[in-house]
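Descriptive analysis of the structure
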Amino acid sequence: MSKLQSPGLRLKEALQAEKPLQIVGAINAYTAVMAERTGYRALYISGAGVANASFGLPDLGITTLNDVLEDVRRITSATELPVLVDADTGFGSAFNIARTIRSMTAAGAAGVHIEDQVTAKRCGHRPNKAIVSQAEMVFRIKAAVDAKTDPNFIVMARTDALAVEGEASAIERACACVEAGADMIFAEAVLELEQYRKFADAVKVPVLANITEFGKTPLFTKEELGEAGVSMVLYPLSAFRAMNAAALQVYRTIRNEGTQANAVAAMQTRMELYDFLQYFDYEKKLDELFDMEKEEGK
Ligand SMILES: C[C@](O)(C(=O)O)[C@H](CC(=O)O)C(=O)O
Ligand SMILES: [Mg+2]
(Lines give C-alpha, C1' and ligand atoms only; values in the text may rest on other atoms or scores of the structure.)
(Ligands and ions follow the chains in the order given, each with its own letter.)
Protein backbone atom coordinates (compact mmCIF):
# COMPACT_ATOMS: atom_id res chain seq x y z
CA MET A 1 0.00 0.00 0.00
CA SER A 2 1.56 3.26 -1.10
CA LYS A 3 1.08 6.45 0.84
CA LEU A 4 0.52 8.17 -2.50
CA GLN A 5 -2.87 6.52 -2.68
CA SER A 6 -5.85 8.26 -1.14
CA PRO A 7 -6.09 7.38 2.58
CA GLY A 8 -9.79 6.62 2.12
CA LEU A 9 -8.94 4.11 -0.57
CA ARG A 10 -6.32 2.56 1.71
CA LEU A 11 -8.96 2.11 4.41
CA LYS A 12 -11.27 0.44 1.88
CA GLU A 13 -8.42 -1.87 0.86
CA ALA A 14 -7.78 -2.72 4.52
CA LEU A 15 -11.44 -3.66 4.84
CA GLN A 16 -11.07 -6.04 1.93
CA ALA A 17 -7.89 -7.56 3.38
CA GLU A 18 -9.17 -8.24 6.90
CA LYS A 19 -12.63 -9.33 8.01
CA PRO A 20 -13.59 -7.92 10.42
CA LEU A 21 -10.97 -5.18 10.35
CA GLN A 22 -9.45 -4.42 13.75
CA ILE A 23 -8.97 -0.66 14.20
CA VAL A 24 -6.93 0.48 17.21
CA GLY A 25 -6.77 3.90 18.77
CA ALA A 26 -3.42 5.67 18.71
CA ILE A 27 -3.20 8.43 21.29
CA ASN A 28 -0.11 10.00 19.72
CA ALA A 29 2.36 9.60 16.86
CA TYR A 30 4.63 7.17 18.68
CA THR A 31 1.87 4.74 19.62
CA ALA A 32 0.74 4.91 15.98
CA VAL A 33 4.23 3.73 15.00
CA MET A 34 4.03 0.84 17.49
CA ALA A 35 0.54 -0.17 16.31
CA GLU A 36 1.64 -0.12 12.68
CA ARG A 37 4.68 -2.29 13.46
CA THR A 38 2.43 -4.71 15.40
CA GLY A 39 0.54 -5.47 12.22
CA TYR A 40 -2.67 -3.42 12.34
CA ARG A 41 -4.04 -2.22 9.05
CA ALA A 42 -5.91 0.86 10.28
CA LEU A 43 -5.78 3.33 13.16
CA TYR A 44 -8.24 5.53 15.01
CA ILE A 45 -8.05 8.96 16.57
CA SER A 46 -10.51 9.07 19.44
CA GLY A 47 -12.35 12.26 20.34
CA ALA A 48 -12.21 11.21 23.97
CA GLY A 49 -8.50 10.55 23.51
CA VAL A 50 -7.81 14.02 22.12
CA ALA A 51 -9.81 15.63 24.92
CA ASN A 52 -8.34 13.47 27.72
CA ALA A 53 -4.74 13.03 26.63
CA SER A 54 -3.98 16.20 24.68
CA PHE A 55 -6.02 18.63 26.78
CA GLY A 56 -6.74 16.96 30.13
CA LEU A 57 -10.46 17.47 29.50
CA PRO A 58 -13.47 15.16 29.66
CA ASP A 59 -15.15 13.92 26.46
CA LEU A 60 -18.03 16.40 26.48
CA GLY A 61 -17.65 18.26 23.20
CA ILE A 62 -15.26 20.84 24.63
CA THR A 63 -12.45 20.38 22.10
CA THR A 64 -12.61 22.05 18.69
CA LEU A 65 -11.90 21.01 15.10
CA ASN A 66 -8.42 22.53 15.26
CA ASP A 67 -7.61 20.68 18.47
CA VAL A 68 -8.36 17.37 16.75
CA LEU A 69 -6.61 18.37 13.51
CA GLU A 70 -3.36 18.97 15.35
CA ASP A 71 -3.33 15.35 16.54
CA VAL A 72 -4.46 14.10 13.11
CA ARG A 73 -1.53 15.85 11.38
CA ARG A 74 0.98 14.51 13.88
CA ILE A 75 -0.31 10.94 13.64
CA THR A 76 -0.78 10.80 9.86
CA SER A 77 2.77 12.15 9.45
CA ALA A 78 4.15 9.25 11.47
CA THR A 79 2.29 6.32 9.88
CA GLU A 80 1.50 4.81 6.51
CA LEU A 81 -1.75 3.38 7.85
CA PRO A 82 -5.16 4.85 7.05
CA VAL A 83 -6.60 6.75 10.02
CA LEU A 84 -10.27 7.02 10.93
CA VAL A 85 -11.00 10.15 12.97
CA ASP A 86 -13.72 10.89 15.51
CA ALA A 87 -15.32 14.17 14.40
CA ASP A 88 -17.92 14.16 17.22
CA THR A 89 -20.99 16.06 15.96
CA GLY A 90 -19.09 17.59 13.01
CA PHE A 91 -18.12 20.80 14.85
CA GLY A 92 -21.06 22.95 13.79
CA SER A 93 -23.68 23.37 11.10
CA ALA A 94 -23.52 22.62 7.37
CA PHE A 95 -20.64 24.96 6.44
CA ASN A 96 -18.64 23.98 9.53
CA ILE A 97 -19.14 20.31 8.69
CA ALA A 98 -17.93 21.01 5.13
CA ARG A 99 -14.85 22.65 6.62
CA THR A 100 -14.35 19.65 8.90
CA ILE A 101 -14.36 17.30 5.89
CA ARG A 102 -11.95 19.45 3.85
CA SER A 103 -9.56 20.03 6.76
CA MET A 104 -9.53 16.36 7.77
CA THR A 105 -8.80 15.38 4.16
CA ALA A 106 -5.95 17.90 4.00
CA ALA A 107 -4.60 16.59 7.32
CA GLY A 108 -4.37 13.10 5.82
CA ALA A 109 -7.36 11.38 7.47
CA ALA A 110 -8.96 8.44 5.65
CA GLY A 111 -12.38 9.32 6.97
CA VAL A 112 -14.39 10.62 9.89
CA HIS A 113 -17.41 9.62 11.87
CA ILE A 114 -20.08 12.16 12.67
CA GLU A 115 -22.71 11.39 15.30
CA ASP A 116 -26.32 12.34 15.97
CA GLN A 117 -25.86 13.64 19.50
CA VAL A 118 -26.59 17.28 20.33
CA THR A 119 -23.59 19.62 20.27
CA ALA A 120 -23.22 19.32 24.04
CA LYS A 121 -22.34 15.68 23.47
CA ARG A 122 -21.35 12.99 25.94
CA CYS A 123 -19.43 9.77 25.79
CA GLY A 124 -21.63 7.26 23.96
CA HIS A 125 -21.58 4.90 26.95
CA ARG A 126 -22.78 7.40 29.56
CA PRO A 127 -26.37 8.04 30.62
CA ASN A 128 -28.54 11.03 29.68
CA LYS A 129 -27.43 11.42 26.09
CA ALA A 130 -29.59 13.62 23.88
CA ILE A 131 -29.82 13.32 20.10
CA VAL A 132 -30.88 15.66 17.31
CA SER A 133 -33.83 14.78 15.05
CA GLN A 134 -33.34 12.30 12.24
CA ALA A 135 -33.81 15.16 9.75
CA GLU A 136 -31.02 17.15 11.41
CA MET A 137 -28.70 14.11 11.34
CA VAL A 138 -29.45 13.49 7.66
CA PHE A 139 -28.64 17.16 7.04
CA ARG A 140 -25.25 16.69 8.79
CA ILE A 141 -24.44 13.68 6.63
CA LYS A 142 -25.54 15.40 3.41
CA ALA A 143 -23.35 18.38 4.24
CA ALA A 144 -20.38 16.06 4.90
CA VAL A 145 -20.82 14.00 1.74
CA ASP A 146 -21.31 17.12 -0.38
CA ALA A 147 -18.02 18.55 0.92
CA LYS A 148 -15.84 15.60 -0.15
CA THR A 149 -12.88 16.65 -2.27
CA ASP A 150 -11.68 13.05 -2.50
CA PRO A 151 -14.46 10.64 -3.53
CA ASN A 152 -12.75 7.91 -1.47
CA PHE A 153 -12.81 9.94 1.77
CA ILE A 154 -15.06 8.04 4.15
CA VAL A 155 -18.05 9.59 5.84
CA MET A 156 -19.21 7.27 8.59
CA ALA A 157 -22.49 8.04 10.34
CA ARG A 158 -22.61 7.21 14.03
CA THR A 159 -25.93 6.84 15.74
CA ASP A 160 -26.33 7.12 19.48
CA ALA A 161 -30.08 6.53 19.16
CA LEU A 162 -30.10 2.97 20.50
CA ALA A 163 -29.77 4.12 24.11
CA VAL A 164 -32.16 7.06 23.64
CA GLU A 165 -34.94 5.87 21.32
CA GLY A 166 -34.37 2.13 20.98
CA GLU A 167 -33.37 -0.33 18.30
CA ALA A 168 -35.97 0.39 15.63
CA SER A 169 -35.26 4.10 15.65
CA ALA A 170 -31.48 3.59 15.62
CA ILE A 171 -31.68 1.27 12.61
CA GLU A 172 -34.07 3.62 10.82
CA ARG A 173 -31.64 6.50 11.39
CA ALA A 174 -28.72 4.46 10.14
CA CYS A 175 -30.64 3.60 6.95
CA ALA A 176 -31.58 7.26 6.45
CA CYS A 177 -27.90 8.21 6.78
CA VAL A 178 -26.90 5.64 4.16
CA GLU A 179 -29.62 7.03 1.90
CA ALA A 180 -28.04 10.47 2.45
CA GLY A 181 -24.66 9.16 1.29
CA ALA A 182 -22.95 7.77 4.41
CA ASP A 183 -20.35 5.19 3.40
CA MET A 184 -20.38 3.26 6.67
CA ILE A 185 -22.30 3.02 9.94
CA PHE A 186 -21.09 3.21 13.55
CA ALA A 187 -23.68 1.64 15.82
CA GLU A 188 -22.94 3.05 19.28
CA ALA A 189 -23.50 1.41 22.67
CA VAL A 190 -24.90 -1.82 21.28
CA LEU A 191 -25.88 -4.35 23.95
CA GLU A 192 -26.33 -7.63 22.07
CA LEU A 193 -24.62 -9.37 19.16
CA GLU A 194 -27.98 -9.87 17.51
CA GLN A 195 -28.39 -6.10 17.26
CA TYR A 196 -25.26 -5.82 15.11
CA ARG A 197 -26.76 -8.44 12.79
CA LYS A 198 -29.93 -6.34 12.48
CA PHE A 199 -27.92 -3.18 11.70
CA ALA A 200 -25.74 -4.95 9.13
CA ASP A 201 -28.68 -6.57 7.36
CA ALA A 202 -30.62 -3.30 7.24
CA VAL A 203 -27.92 -0.83 6.16
CA LYS A 204 -25.99 -2.97 3.65
CA VAL A 205 -22.82 -0.90 4.13
CA PRO A 206 -19.92 -1.78 6.46
CA VAL A 207 -20.84 -1.56 10.17
CA LEU A 208 -18.40 -0.68 12.95
CA ALA A 209 -18.63 -2.10 16.48
CA ASN A 210 -17.10 0.04 19.23
CA ILE A 211 -15.61 -2.38 21.75
CA THR A 212 -14.55 0.18 24.33
CA GLU A 213 -13.81 -1.03 27.86
CA PHE A 214 -15.92 -0.21 30.92
CA GLY A 215 -18.82 0.75 28.64
CA LYS A 216 -22.24 -0.63 27.73
CA THR A 217 -21.07 -3.06 25.06
CA PRO A 218 -19.74 -6.43 26.26
CA LEU A 219 -16.19 -7.25 25.12
CA PHE A 220 -17.33 -9.37 22.17
CA THR A 221 -14.50 -11.06 20.25
CA LYS A 222 -13.72 -10.24 16.66
CA GLU A 223 -14.90 -13.73 15.67
CA GLU A 224 -18.28 -13.19 17.36
CA LEU A 225 -18.61 -9.78 15.75
CA GLY A 226 -17.62 -11.04 12.32
CA GLU A 227 -20.30 -13.72 12.55
CA ALA A 228 -22.82 -11.02 13.48
CA GLY A 229 -22.05 -9.15 10.24
CA VAL A 230 -19.71 -6.52 11.69
CA SER A 231 -17.02 -5.25 9.28
CA MET A 232 -14.88 -3.17 11.68
CA VAL A 233 -14.04 -3.67 15.35
CA LEU A 234 -12.84 -0.55 17.16
CA TYR A 235 -10.64 -0.51 20.28
CA PRO A 236 -10.54 3.27 20.73
CA LEU A 237 -8.78 3.74 24.06
CA SER A 238 -7.45 0.31 25.07
CA ALA A 239 -3.74 1.15 24.86
CA PHE A 240 -4.35 4.60 26.37
CA ARG A 241 -6.07 3.13 29.42
CA ALA A 242 -3.21 0.67 29.93
CA MET A 243 -0.61 3.44 29.46
CA ASN A 244 -2.37 5.56 32.08
CA ALA A 245 -2.37 2.77 34.65
CA ALA A 246 1.33 2.13 33.97
CA ALA A 247 2.22 5.82 34.24
CA LEU A 248 0.36 6.16 37.52
CA GLN A 249 2.17 3.14 38.89
CA VAL A 250 5.54 4.65 37.96
CA TYR A 251 4.68 8.04 39.49
CA ARG A 252 3.60 6.33 42.72
CA THR A 253 6.66 4.12 42.89
CA ILE A 254 9.11 6.99 42.43
CA ARG A 255 7.23 9.14 44.94
CA ASN A 256 6.85 6.41 47.56
CA GLU A 257 10.16 4.61 47.19
CA GLY A 258 12.50 7.43 46.25
CA THR A 259 13.72 5.40 43.26
CA GLN A 260 12.24 3.99 40.09
CA ALA A 261 14.16 0.71 40.53
CA ASN A 262 11.00 -1.34 41.12
CA ALA A 263 9.26 0.17 38.11
CA VAL A 264 11.99 -0.34 35.52
CA ALA A 265 10.85 -3.87 34.63
CA ALA A 266 7.55 -2.47 33.41
CA MET A 267 9.24 0.10 31.16
CA GLN A 268 9.93 -0.08 27.44
CA THR A 269 13.71 -0.01 27.13
CA ARG A 270 15.72 2.63 25.33
CA MET A 271 16.65 0.02 22.72
CA GLU A 272 13.02 -0.89 22.06
CA LEU A 273 12.11 2.78 21.75
CA TYR A 274 14.98 3.42 19.35
CA ASP A 275 14.06 0.38 17.32
CA PHE A 276 10.49 1.60 16.76
CA LEU A 277 11.81 5.06 15.88
CA GLN A 278 14.54 3.69 13.58
CA TYR A 279 16.91 5.80 15.61
CA PHE A 280 20.02 4.08 14.32
CA ASP A 281 19.11 4.71 10.67
CA TYR A 282 18.79 8.41 11.48
CA GLU A 283 22.07 8.34 13.37
CA LYS A 284 23.82 6.65 10.44
CA LYS A 285 22.44 9.29 8.08
CA LEU A 286 23.74 11.99 10.37
CA ASP A 287 27.16 10.36 10.47
CA GLU A 288 27.20 10.18 6.66
CA LEU A 289 26.24 13.83 6.33
CA PHE A 290 28.80 14.78 8.94
CA ASP A 291 31.49 12.79 7.13
CA MET A 292 30.58 14.49 3.89
CA GLU A 293 31.03 17.85 5.54
CA LYS A 294 34.41 16.79 6.85
CA GLU A 295 35.39 15.68 3.33
CA GLU A 296 34.24 19.00 1.87
CA GLY A 297 36.09 20.92 4.58
CA LYS A 298 39.39 19.25 3.72
C1 LIG B 1 -15.41 6.01 20.61
C2 LIG B 1 -15.48 7.25 21.42
O3 LIG B 1 -16.36 8.14 20.79
C4 LIG B 1 -14.12 7.94 21.47
O5 LIG B 1 -14.10 9.17 21.53
O6 LIG B 1 -13.11 7.24 21.49
C7 LIG B 1 -15.93 7.00 22.88
C8 LIG B 1 -15.11 5.93 23.58
C9 LIG B 1 -15.28 5.85 25.10
O10 LIG B 1 -15.57 6.86 25.74
O11 LIG B 1 -15.03 4.78 25.64
C12 LIG B 1 -17.42 6.70 22.90
O13 LIG B 1 -17.80 5.54 22.77
O14 LIG B 1 -18.21 7.65 23.03
MG1 LIG C 1 -15.88 10.08 20.71
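Predicted model only: the values in this text are computed from it and were never measured. (Residues numbered from 1 in each chain as written. Chains lettered and ligands numbered in written order. Predicted model: local features only at pLDDT ≥ 70, side-chain atom pairs only at ≥ 80, totals over all residues. Heavy atoms only, no water.)

**Digging into the packing of aromatic side chains**
Summed over the entire model, instances satisfying the criterion amount to five aromatic pairs. Summarising the aromatic geometry, the rings of Tyr274 and Tyr279 are spaced 3.9 Å apart at their centres and angled 5° between planes, so their arrangement reads as stacked. Judged by relative accessible area, which is 32%, Tyr279 ranks as partly exposed. Each ring, one from Tyr279 and one from Phe280, has its centre 5.6 Å from the other, and the planes form 80°; the classification is edge-to-face. Overall, Phe280 belongs to the partly exposed group, its relative accessible area being 40%. Just above the ring of Phe186 sits the side chain of Arg158; from NZ or CZ to the centre is 5.0 Å. (Phe/Tyr/Trp six-rings, centres within 6.5 Å; stacked < 30°, edge-to-face > 60°. Buried < 20%, exposed > 50% of the residue type's maximum accessible area, 1.4 Å probe, protein only. Lys NZ or Arg CZ within 6 Å of the ring centre and 35° of its normal.)

**Quick look at the pairing of strand S4 (residues 111-115)**
Working note: regular strand, side chains alternate between the two faces of the sheet. With five of its five residues buried, S4 lies for the most part within the structure. Burial along S4 is two-sided: the face carrying Gly111, His113 and Glu115 and the face carrying Val112 and Ile114 are both buried. Two elements, strand S3 (residues 83-86) and S4, share three bridges in a ladder whose sense is parallel. Directly across from Leu84, in S4, lies its bridge partner Gly111. (Helix = DSSP H or I, 4+ residues; strand = E, 2+ residues; numbered from the N terminus. Pairing = 2+ DSSP bridges.)

**Considering the sheet that holds strand S5 (residues 154-159)**
Spatially, S1-S2-S3-S4-S5-S6-S7-S8 is the arrangement adopted by the eight strands of the closed barrel, whose pairing is parallel. Strand after strand, the sheet turns through a mean of 25° between neighbouring axes, direction not considered. Contacts between helix H4 (residues 65-78) and the sheet are confined to strand S2 (42-45) and S3, with S3 contributing the most and set at about 170° to the helix. (Axes fitted to C-alpha atoms, helices over the stretch in contact; angles between N-to-C directions. Contact = heavy atoms within 4.5 Å.)

**Some thoughts on the UniProt feature "binding site: substrate" (unreviewed entry) in the protein chain**
Taken from the UniProt record, the annotation "binding site: substrate" (unreviewed entry) applies to Ser46, Gly47, Ala48, Cys123, Gly124, Arg158, Glu188, Asn210, Ile211, Thr212, Arg241 and Arg270. These annotated residues cover 225 residues of sequence, and their C-alpha atoms reach 40.2 Å apart at the extremes, leaving them scattered rather than at a single site. From this annotated list, the subset lining the largest cavity comprises Ser46. Within the element layout of this structure, Gly47 appears in helix H3 (residues 47-55). When sequence neighbours within four positions are dropped, the list of residues in contact with Gly47 reads Asp59, Asp86 and Asp88. With respect to the secondary-structure elements, Ile211 resides in the loop between strand S7 (207-210) and helix H10 (222-227). (UniProt positions renumbered as here; feature names shortened; annotations may be inferred. 1 Å grid on protein atoms, 1.4 Å probe; cavity = no way out; pocket = protein on both sides within 12 Å on 5 of 7 lines; lining within 4 Å.)

**What about the nonpolar core?**
Counting 62 residues, the largest nonpolar core has Val85, Met104, Ile185, Tyr196 and Phe199 as the members making the most contacts within it. If sequence neighbours within four positions are ignored, Phe199 has contacts with Thr159, Ala170, Ile171, Ala174, Ile185, Ala187, Val190 and Val207. Counting 16 residues, the second-largest nonpolar core is a separate cluster that includes Leu11, Met156, Met232 and Leu234. (Core = buried A, V, L, I, M, F, W, Y, C linked by side-chain atoms within 4.5 Å.)

**Thoughts on the packing of H3 against H4**
Where H3 meets H4, the closest approach of the two axes is 10 Å, and the angle between their N-to-C directions is 85°. The orientation of H3 relative to H4 falls into the category roughly perpendicular. Taking contact as the criterion, the partners of Val50, Ser54 and Phe55 in H3 are, on H4, Asp67, Val68 and Asp71. Within the contact of H3 with H4, the residues separate by chemical class into three nonpolar, one polar and two charged. (Parallel < 35°, antiparallel > 145°, perpendicular 65-115°, else oblique. Nonpolar A, V, L, I, M, F, W, Y, C, P; charged D, E, K, R; others polar.)

**Examining a nonpolar patch on the surface**
On the surface, Met271, Leu277, Tyr279 and Phe280 cluster together into a nonpolar patch covering about 370 Å² of accessible area. Along the chain, Leu277 turns up in helix H12 (residues 270-277). (Patch = residues over 30% accessible without salt bridge, like charges linked within 9 Å, V, L, I, M, F, W, Y side chains within 5 Å. Areas by Shrake-Rupley, 256 points an atom, 1.4 Å probe, with all protein chains shown as cover. Salt bridge = Lys/Arg side-chain N within 4 Å of Asp/Glu carboxyl O.)

**Re the pairing of S2**
Here S2 shows two buried faces, one formed by Ala42 and Tyr44 and the other by Leu43 and Ile45. Bridge count for strand S1 (residues 21-25) against S2 is three bridges, and the pairing is parallel. Directly across from Ile23, in S2, lies its bridge partner Ala42. Chirality of the crossover, the property in question, places the unit of S1, helix H2 (residues 29-38) and S2 among those that are right-handed. Pairing of S2 with S3, which is carried by three bridges, proceeds in the parallel orientation. Bridging across to S3, Leu43 finds its partner in Val83. (Right-handed = clockwise from strand over helix to strand, strands pointing away.)

**Quick notes on the UniProt feature "binding site: Mg(2+)" (unreviewed entry) in the protein chain**
When the UniProt feature table is mapped to this numbering, "binding site: Mg(2+)" (unreviewed entry) covers Asp86 and Asp88. Relative to the helices and strands, Asp86 is located in strand S3. Non-local contacts of Asp86, meaning those with residues more than four positions away in its chain, are made with Tyr44, Ile45, Ser46, Gly47, Ala48, Val68, His113 and Glu115. A distance of 3.4 Å separates the side chain of Asp86 from the side chain of Tyr44, its partner in a polar contact. With respect to the helices and strands, the residue Asp88 is situated in the loop between S3 and helix H5 (94-106). (Polar contact = N/O pair within 3.5 Å; in protein donor to acceptor, adjacent residues only side chain to side chain.)

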